[in-house]
Amino acid sequence: MNAVLAVKQYVSKMIEDSGPGMKVLLMDRETTGIVSMVYTQSEILQKEVYLFERLDSPNREAMKHLKAICFLRPTKENVEFLIQELRRPKYSIYFIYFSNVISKSDVKALAEADEQEVVAEVQEFYGDYIAVNPHVFSLNLLGCCQKCPMIRYQLSSEPAKRLAECVKQVITKEYELFDFRRTEVPPLLLILDRSDDAITPLLNQWTYQAMVHELLGINNNRIDLSRVPGISKDLREVVLSAENDEFYANNMYLNFAEIGSNIKNLMEDFQRRKPKEQQKLESIADMKAFVENYPQFKKMSGTVAKHVTVVGELSRLVGERNLLEVSEVEQELACQNDHSSALQNVRRLLQNPKVTELDAARLVMLYALHYERHSSNSLPGLLAELRTRGVAEKYRKLVAAVVEYGGKRVRGSELFSPKDAVAITKQFLKGLKGVENVYTQHQPLLQETLDQLIKGKLKDNHFPYLGPNTLRDRPQDIIVFIIGGATYEEALTVYNLNRTNPGVRVVLGGTTIHNTKSFLEEVTASGFRGRGTESSQVTPRTSSRR
């Protein structure tokens with residue numbers, strides 16, 4: 001089970017099946033993103049694909065010397081665009097591939113439009129997702145609970161149950177598609193709901209991939225650095241892809257201090273080849289200056305220049321926003337049960353002018369989730385402090401909205417029991433050099449859920465099977481899908497589980513891949529508004545979402 005390889009093989013087969021000759025790859029907005037995640041343009045060019053076009057582009061020229069490879073989602077809009085295309089074909093021949101199931105009526109409509117008989121092939125190639133990593137995929141959907149949800153599921157989540165039923169209906173209707181490979185132990189789809197763990201997407205991160213997404217944002221492997229002070233023109237947008245960047249592949253799951261050390265080692269290795277031009281590399285600033293002063297180094301090691309820039313910006317933000325101290329208190333809120341200490345530390349940070357609006361509100365959100373029903377709950381006072389220090393109303397309202405979305409009344413699992421906290425602290429990740437492991441205490445709820453599933457101990461009364469059949473043997477191939485979005489911290493969890501459990505293959509998917517900002521957008525889009533936040537104690541309400 002390799003999400004990246006599956007899409008690469010689909011794309012490769014599309015191109016190969018069209019035979020030799022010059023080709024155009026005709027896509028829609030979604031499939032353009034799907035392909036760009038697994039192939040670079042130069043790799044596609046080597047396969048005789050010389051032009052990349054969008055099907056919905058109104059100004060495409062007719063080029064009868066090209067073959068058209070169409071990779072499209074089977075939407076009504078795309079079918080209509082194809083019908084118009086086939087009535088006035090711009091290319092010599094068309095090979096049409098849909099990324100999901102296409103109805104017979106749509107195929108018939110396309111056949112009727114193909115009066116000039118230019119269509120050579122129509123097939124379904126099921127690459128209908130964004131392949132983030134080999135073990136992680138996303139649908140790139142925000143606010144998924146406003147949409148009709150698309151086989152074991154989370155009982156406490158109505159959306160999870162509905163999605164499970166919808167998937168089962170598709171499997172029943174299209175049974176021939178799923179009757180291709182019998183295994184001794186059938187694969188298992190586990191459908192979860194983000195609201196069961198609203199803590200994980202609220203935490204700052206310290207491993208490379210997760211940290212970049214949290215502080216800079218990753219959008220289909222692209223990072224926008226245009227706002228970085230003094231950024232050079234060629235580094236305003238960079239690509240971080242484990243498929244095409246060896247340094248990133250080797251470092252994406254390492255912690256921040258190790259990344260900086262590894263970059264420094266690469267640069268010192270280059271310096272050793274130029275002994276006359278050696279200089280000390282004592283800081284991120286020294287490394288950035290070194291790159292800027294050696295154009296030949298840039299040319300030879302563009303990858304290193306890119307990562308020096310990214311790590312440099314991460315380092316600047318960590319200092320500017322006081323994130324080491326903020327993260328330590330976040331971890332205390334997530335993993336420990338000392339209310340008095342947590343409240344004191346949150347109040348202290350709310351008085352610190354370096355702490356941003358978002359980070360201040362995030363701390364109060366974590367407090368609200370953990371101590372929602374504590375006898376000494378001081379949430380109204382913390383909300384008043386947010387207002388006093390000028391935190392925007394949208395953030396203050398989001399405190400209540402997050403509790404409505406993922407509070408105790410909603411959750412099907414216990415996030416904060418003392419037993420869980422002890423178990424979590426025994427599983428510390430390797431922390432930052434020179435500091436204690438307080439920054440990486442947290443393990444997502446997914447860690448415990450998958451551990452129990454792999455051991456055959458996941459309770460049926462919390463995660464029932466859809467239908468009468470149950471899996472007697474322990475699962476070997478597990479697809480986890482989180483409605484409401486997954487996170488890169490959970491991707492790291494799955495990566496580590498795959499490494500430490502030979503014979504078990506886990507793939508994680510979600511409606512999107514969240515950082516804190518996108519998660520809060522998800523909460524808002526799901527209909528939670530946090531009304532009455534400052535007038536009374538936060539009380540979760542029942543949403544129409546459930």
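Residues numbered from 1 in each chain as written. Predicted model: local features only at pLDDT ≥ 70, side-chain atom pairs only at ≥ 80, totals over all residues. Heavy atoms only, no water.

**Q** Explanation requested: the overall build of the protein chain in the structure shown.
**A** Looking only at helices and strands, one finds 21 helices and 15 strands in the protein chain. By residue count, 52% of the 546 residues in the protein chain fall in the buried class. Accessible surface, the protein chain as shown: approximately 25700 Å² in total, 49% of it carbon and sulfur. (Helix = DSSP H or I, 4+ residues; strand = E, 2+ residues; numbered from the N terminus. Buried < 20%, exposed > 50% of the residue type's maximum accessible area, 1.4 Å probe, protein only. Areas by Shrake-Rupley, 256 points an atom, 1.4 Å probe, with all protein chains shown as cover.)

**Q** Can you walk me through the sheet that holds strand β9 (residues 188–193) in this structure?
**A** What holds strands together in a sheet is hydrogen bonding between their backbones, with the strands either parallel or antiparallel. Reading across from one edge, β6-β7-β14-β12-β9-β8 is the order of the six strands in this open sheet, with mixed pairing throughout. Strands at the two margins of the open sheet, each flanked by one partner only, are β6 (130–133) and β8 (152–153). Where β8 and β9 come together, two bridges link them in parallel fashion. Bridge pairing in β9 places arginine 152 opposite leucine 190. Where helix α20 (residues 488–500) meets the sheet, its contacts fall on β6, β7 (136–138), β12 (477–483) and β14 (505–510), and the angle it forms with β14 comes to roughly 170°. (Pairing = 2+ DSSP bridges. Contact = heavy atoms within 4.5 Å. Axes fitted to C-alpha atoms, helices over the stretch in contact; angles between N-to-C directions.)

**Q** What should I look at first to understand the sheet that holds strand β5 (residues 119–124) in this one?
**A** Overall, parallel pairing links the five strands, which are arranged β2-β1-β3-β4-β5 in an open sheet. Of all strands in the sheet, those bounded by a partner on one side alone are β2 (49–54) and β5. Strand-to-strand, the axes of this sheet are offset by a mean angle of 15°, without reference to chain direction. In terms of strand pairing, strand β1 (residues 23–27) meets strand β3 (residues 67–72) through five bridges, oriented parallel. Residue leucine 25 lies in a different strand from β3, and its bridge partner there is isoleucine 69.

**Q** I would appreciate a short explanation of helix α4 (residues 76–87) in the present structure.
**A** Every α-helical turn comprises 3.6 residues, leaving residues that sit three or four positions apart pointing alike. Helix length check: α4, at twelve residues, gives a terminal C-alpha distance of 17 Å against a target of 16 Å (1.5 Å per residue), a fit within 8%. Within the span of α4, buried status applies to Asn78, Val79, Leu82, Ile83, Glu85 and Leu86. For α4, the arc enclosing every buried residue in end-on projection is 165°, short of the 170-degree limit, so these residues lie on one face. Exposed and facing more than 90 degrees away from the buried side of α4 are Lys76 and Glu77. Buried residues along α4 sit against β1, β3, β4 (93–98), α5 (104–113) and β5. (Expected span 1.5 Å × (residues − 1). Arc of directions from axis to C-beta.)

**Q** Would you take a moment to explain the packing of helix α14 (residues 339–350) against helix α16 (residues 379–388) for this structure?
**A** The contact between α14 and α16 brings their axes to 10 Å, and the two run at 10°. Classified by the angle their axes make, α14 and α16 are roughly parallel. For the pair formed by α14 and α16, the contact residues are Leu343, Val346, Arg347 and Leu350 on the first element and Leu382, Glu385 and Leu386 on the second. For the contact of α14 with α16, the per-class residue count stands at five nonpolar, no polar and two charged. (Parallel < 35°, antiparallel > 145°, perpendicular 65-115°, else oblique. Nonpolar A, V, L, I, M, F, W, Y, C, P; charged D, E, K, R; others polar.)

**Q** What's the story with unusual backbone geometry in this structure? I'm lost.
**A** Glycine aside, residues mostly have negative phi angles, and peptide bonds mostly take the trans form. You will see that glutamate 117, though not glycine, has its phi angle at about 55°, which is positive. In this fold, glutamate 117 is placed in the loop between α5 and β5. We classify glutamate 117 as exposed; its relative accessible area is 69%.

**Q** What is the right way to look at the confidence of the model for the protein chain in this model?
**A** Reading fine detail from the predicted coordinates is not recommended where pLDDT is low. Overall, the prediction assigns the protein chain a mean pLDDT of 84, with 84% of residues at 70 or greater. Averaged pLDDT values over the elements of the protein chain bottom out at 43 in helix α18 (residues 418–425) and peak at 96 in strand β13 (residues 486–487). The low-confidence segment residues 419–436 (pLDDT under 50) makes 34 contacts with residues lying over four places distant or belonging to another chain. Every residue in residues 533–546 is under pLDDT 50, and counting partners more than four places away or in other chains gives 44 contacts. (pLDDT = per-residue confidence, 0-100.)

**Q** In this structure, what is going on with the packing of aromatic side chains? I would like to understand it.
**A** Ring pairs (aromatic) are described by centroid distance and by the angle formed between their planes. By the definition in use, this model includes ten aromatic pairs. On the basis of an interplanar angle of 40° and a centroid distance of 5.3 Å, the ring pair of tyrosine 367 and tyrosine 371 is categorised as tilted. Their ring planes at 80° and their centres at 5.5 Å tell us that tyrosine 405 and phenylalanine 519 sit as a pair that is edge-to-face. You can see tyrosine 405 sitting in helix α17 (residues 393–406) and its partner phenylalanine 519 sitting in helix α21 (residues 516–525), a full 114 residues away along the chain. (Phe/Tyr/Trp six-rings, centres within 6.5 Å; stacked < 30°, edge-to-face > 60°.)

**Q** What is the right way to read the side chain of glutamate 53 from this model?
**A** The topology assignment puts glutamate 53 in strand β2. Discounting chain neighbours no more than four positions away, the residues touching glutamate 53 are Val24, Leu25, Leu26, Met27, Arg60 and Tyr91.

**Q** Would you take a moment to explain the nonpolar core for this structure?
**A** Nonpolar side chains tend toward joint burial in soluble globular proteins. Counting 137 residues, the largest nonpolar core has Val212, Ile263, Leu314, Leu333, Val364, Leu450 and Val480 as the members making the most contacts within it. Among the elements that line this core, the one with the most residues is helix α15 (residues 357–370), at ten residues. If near-sequence neighbours (up to four positions away) are discounted, valine 480 is found in contact with Leu190, Leu192, Leu446, Leu450, Val506, Val507, Leu508 and Gly509. Core analysis: the second largest hydrophobic core is formed by 19 residues, Leu55, Leu86, Tyr91 and Ala113 among them. (Core = buried A, V, L, I, M, F, W, Y, C linked by side-chain atoms within 4.5 Å.)

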